[in-house]
Amino acid sequence: MNNSNKIFSITWKVLLAIFLLITILVAFYSINEDQDAVISTFGTPSIVEDSGLHFKIPFVQKLKKVDMSVRGMTIGYDEKNQSIENESLMITNDFNFVSVDFYIEWQIVDPVQAYIHRDTANDILRNLAQSYIRDTIGLKELPEGLREIAEVRLEYPNETLK
């Protein structure tokens, strides 16, 4: 065997060893306690794994970690406590306008559905919460004391009421 064949043989073996090492490293993954993993085989969700060390088939199966912890969302106001009028302004059964802001907490219970709807889940949740609150507020009449505050707010919208 001449030197060029030896160099080719050694290079080939080194590249194969590097490929096998990377494949083994990519095959194992760990999931934290507040996460679940959705394993998709050729793009179709097929396995749900909970916390711990797991194995997947490299280059065939893809891993998507899903946060299973309790999360929250503000509706009607932003991070600076500034009102968002198109979210917070609602009408009551007696045709008075009220500004309602609230905070909802939610948690994923089905990681496969969360994986499938990952692009639209927050918008769907926000729309459902707003719709439910608007429906609930729309069925109620504004109590007399609150009606006076609402009337003052309509006259002086930039004033802070105490």
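To be clear, the structure that these remarks concern was listed above.
So, a few notes on the structure that sits alongside this text. All of these numbers come straight from a predicted model, not from anything done at the bench.

Moving on: the overall build of the protein chain. Along the protein chain, the regular secondary structure elements total five helices and nine strands. Written out in order from the N terminus, the α and β elements of the protein chain read α-β-β-β-β-β-β-α-β-β-β-α-α-α. Taking all 162 residues of the protein chain together, the buried fraction comes to 24%. Long-range pairs, those at least 24 residues apart, make up 64% of the contacts in the protein chain between residues at least 6 apart in sequence. Only carbon and sulfur atoms are counted for the fraction: they give 58% of the accessible area of the protein chain, which is about 12100 Å².

A word on the sheet that holds strand β2 (residues 35–41). The sheet built from three strands is open, its strands ordered β3-β2-β5 with antiparallel pairing. Both outer strands of the open sheet, β3 (44–49) and β5 (61–67), are each paired with one neighbouring strand and no more. Strand-to-strand twist across the sheet, computed as the mean angle between neighbouring axes with direction ignored, equals 30°. Across seven bridges, β2 lies against β5 in antiparallel orientation. By the bridge assignment, Ser40 is partnered in β5 with Lys62.

Applying the stated rule across the entire model yields two salt bridges. In this structure, the salt-bridge partner of Asp67 is Arg71, at a minimum N-O distance of 4.0 Å. Classification of Asp67 as partly exposed rests on a relative accessible area of 30%. For Glu87, the salt bridge is made with Arg126, and the minimal N-O distance between the two is 3.2 Å. A residue pair is termed long-range when its members are at least 10 positions apart, and Glu87 in helix α2 (residues 85–88) and Arg126 in helix α4 (residues 121–139) qualify at 39 residues.

Right, let's talk about the environment of Ala27 for a bit. Its location among the elements puts Ala27 in helix α1 (residues 3–27). Looking at Ala27, the relative accessible area reads 2%, which means it is buried. A C-alpha to C-alpha distance of 9.2 Å links Ala27 and Gln61, two positions 34 residues apart in sequence. Not counting the four nearest positions on each side in its chain, Ala27 is found in contact with His54, Phe55, Lys56 and Pro58.

Once that is clear, we can look at unusual backbone geometry. Positive phi outside glycine occurs at Phe42, with the angle close to 55°. Relative to the helices and strands, Phe42 is located in the loop between β2 and β3. Positive phi is not limited to glycine here, since Phe59 has a value of about 70°. Assignment of secondary structure puts Phe59 in the loop between β4 (52–55) and β5.

Before going further, it helps to spend a moment on the nonpolar core. The biggest cluster of nonpolar side chains holds 16 residues, and the ones touching the most others in it are Val66, Ile75, Phe102, Ile104 and Ile108. Of all the secondary-structure elements, those providing two or more residues to this core are β6 (71–75), β9 (102–106) and α3 (111–116). At three residues, the largest contribution of residues to this core is made by β9.

What counts and how
- Residues numbered from 1 in each chain as written.
- Predicted model: local features only at pLDDT ≥ 70, side-chain atom pairs only at ≥ 80, totals over all residues.
- Heavy atoms only, no water.
- Helix = DSSP H or I, 4+ residues; strand = E, 2+ residues; numbered from the N terminus.
- Buried < 20%, exposed > 50% of the residue type's maximum accessible area, 1.4 Å probe, protein only.
- Contact = heavy atoms within 4.5 Å.
- Areas by Shrake-Rupley, 256 points an atom, 1.4 Å probe, with all protein chains shown as cover.
- Pairing = 2+ DSSP bridges.
- Axes fitted to C-alpha atoms, helices over the stretch in contact; angles between N-to-C directions.
- Salt bridge = Lys/Arg side-chain N within 4 Å of Asp/Glu carboxyl O.
- Core = buried A, V, L, I, M, F, W, Y, C linked by side-chain atoms within 4.5 Å.

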